[in-house]
Structure formats: structure tokens, C-alpha cells
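Now for the letters of each chain:
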Amino acid sequence: ENKTAEQMAADPALMAAQAAVEREEEMNRASFSRIAGREVRYGQVVQLHHAVTDVPVAVGRQAALLNREGRRVVESEAAGDAAWFRVMPRLRIQSEGERVRLGDPIVLEHVQTSLRLRVERAGRMPDGRREVSATLEKAALRVSLYRPHGGAGEDADAPRPLFGGEAVRLVYEE
């Protein structure tokens, strides 16, 4: 059925969906302000944002392009629950509740699906980049501070705690 813009804007289902999006955005802002500057701990749930666009990173429903057994990882403004990841230790010497330190190998586990982020090593995307996907395989990512190439500042691998709100670079280890 064809509806005018005014009819669509007055649709109760659309209004409820818009209100849910606004509540989600408000919860994200409140969550960020609560954890910003605090130590990140293993087992904690975090939301990743792209360093340049500041758009949340989420696990999509589509199959990954290179690894058909995995799911595609995308940037999505309306990611909702698809953008939450649990920070887990890669090695058994750390356990949940301990603080994450720069240089630690971590596993980012998607909260909804328990899939883990990994970089596909077999092949490249048509434009030459590697694909990030979510799979059942336990893949390690090493945490270092993000800074543009040639940027001055503290050592990106200094063994200090990671704090919420910091921009980090995740380097695939395996």
C-alpha cells in the first residue's frame, strides 16, 4: 500500500521503533560515560567504534565474503545488540575480572552469538584488503594504543592497563 510521508511518520510501529533507537543511543552514551577512563577487565562487555568514522562495529547476519562459515563484520549506525563484544583472555594465565593490559592477546567474543572476531588470512577482498569476520575459531588480537602513523606519544605496547574510551589498534596475531 502506498503511504504519504505524513502517514508513515504517524505510523505507531515506526514511532515505537524510532523511540527504541533513541533509547538505545541514550543507553550507549550513558554506558560510555560510565566506563570512560576506567580500567577494562576481562569478561567486560564493550562496544567497538571505527577510529575514523566513530560508527559502531557489529556482526551482521550475512555470511562473510571470504569465509562462508563466518559472519560478516560491518559498520552500522543502528547496530543495537549486534555491536556488543565480550573481552576474553586468549591465554589461561589471565582470568575474568583481571584488568586488560596493553600488549595482551585478547579474544573479542560477540555477546549474541559467541562468535569471535578474526582476520581472514586466506585470500583478500577484491580491493586488496583483508576481511574481518566472526567465526567459532578462537583468534587472538593484540591490543595497542591507536595513533596515526608517525604520531608521537607513549609507547603503544607499554604494559599498562587499558582504559575505557581509549582508541586502540587490534592486531591479528595468528
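Whatever comes next refers back to the structure up there.
Below: a short report on this structure. Numbers given for residues are sequential positions, taken from 1 along each chain in its written order. Two thresholds apply to this predicted model, a pLDDT of at least 70 for residue-level local features and 80 or more for giving and counting side-chain atom pairs, whereas whole-chain, interface and lining totals are computed over all residues. Only hydrogens and water are set aside when side-chain values are computed; all heavy atoms of the structure are taken into account.

Moving on to the overall build of the protein chain. A tally of helices and strands in the protein chain yields two helices and nine strands. The helix count covers DSSP runs of H or I at least four residues long, the strand count covers runs of E at least two residues long, and both are numbered beginning at the N terminus. Ordered by position from N to C terminus, the α and β elements of the protein chain give α-α-β-β-β-β-β-β-β-β-β. Three labels apply to residues, based on accessible area from a 1.4 Å probe with only protein chains included: buried if under 20% of the type maximum, exposed if over 50%, partly exposed otherwise in between. Looking at the protein chain residue by residue over its 174 residues, the buried ones come to 35%. Partitioning the intrachain contacts of the protein chain with sequence separation of at least 6 by distance along the chain shows that 59% fall at a separation of at least 24. Within the structure as shown, the protein chain displays about 10900 Å² of accessible surface, and the carbon and sulfur contribution to it stands at 52%. We call two residues contacting when some pair of their heavy atoms lies within 4.5 Å. For the accessible areas, the method is Shrake-Rupley and the probe is 1.4 Å, while residue cover comes only from the protein chains on display.

A word on the nonpolar core. Here, nonpolar core means buried Ala, Val, Leu, Ile, Met, Phe, Trp, Tyr and Cys residues that are tied together by side-chain atoms lying within 4.5 Å of each other. Leu48, Phe85, Val87, Val100, Ile106, Leu108 and Leu117 are the most contacted members of the largest nonpolar core, which totals 23 residues. The set of elements that each furnish at least two residues to this core consists of strand E2 (57-63), strand E4 (84-89), strand E5 (105-110), strand E6 (116-119) and strand E8 (141-145). A total of three residues in this core trace back to one element, the largest contributor, which is E8. Non-local contacts of Leu48, meaning those with residues more than four positions away in its chain, are made with Val55, Pro56, Val57, Ala83, Phe85, Leu108 and Leu117.

The subject of this paragraph is the pattern of salt bridges. Any carboxyl oxygen of Asp or Glu within 4 Å of a side-chain nitrogen of Lys or Arg constitutes a salt bridge here. On inspection of all chains with the given rule, the structure shows six salt bridges. A salt bridge links Arg41 to Glu39, with the nearest nitrogen and oxygen atoms 3.1 Å apart. For Arg129, the salt bridge goes to Asp127, with nearest N and O atoms at 2.7 Å. When its relative accessible area of 53% is taken as the criterion, Arg129 is described as exposed. In the salt-bridge network here, residues are joined through shared partners; they are Glu39, Arg41 and Arg99.

Right, let's talk about the side chain of Gln44 for a bit. Note that Gln44 resides in the loop between helix H2 (12-35) and strand E1 (45-47). Residue classification places Gln44 among the buried positions, given a relative accessible area of 19%. A distance of 2.9 Å separates a polar atom in the side chain of Gln44 from the backbone nitrogen of Arg41. By the criterion applied in these results, polar contacts are pairs of N or O atoms within 3.5 Å in which, for protein atoms, one can donate a hydrogen and the other can accept it, and in which residues neighboring in sequence qualify only through two side-chain atoms.

With a phi close to 60°, Asp54 is a non-glycine residue in the positive phi region. Counting through the fold element by element, Asp54 comes out in the loop between E1 and E2. Positioned with a positive phi, Ser114 is a non-glycine residue whose angle comes to about 65°. By the secondary structure assignment, Ser114 is in the loop between E5 and E6. When its relative accessible area of 36% is taken as the criterion, Ser114 is described as partly exposed.

What follows deals with the pairing of E8. Regular strands show a simple pattern: their side chains alternate between the two faces of the sheet. With four of five residues buried, E8 is to be regarded as a mostly interior element. Only strands joined by at least two bridges in the DSSP assignment are considered to pair. Across two bridges, the pairing between E5 and E8 is antiparallel. Within E8, the residue paired with Ile106 across the bridge is Leu141. Of the strand pairs in this sheet, E8 and strand E9 (residues 168-172) are connected by five bridges, and their pairing is antiparallel. If you follow Ser144 over to E9, its bridge partner there is Arg169.

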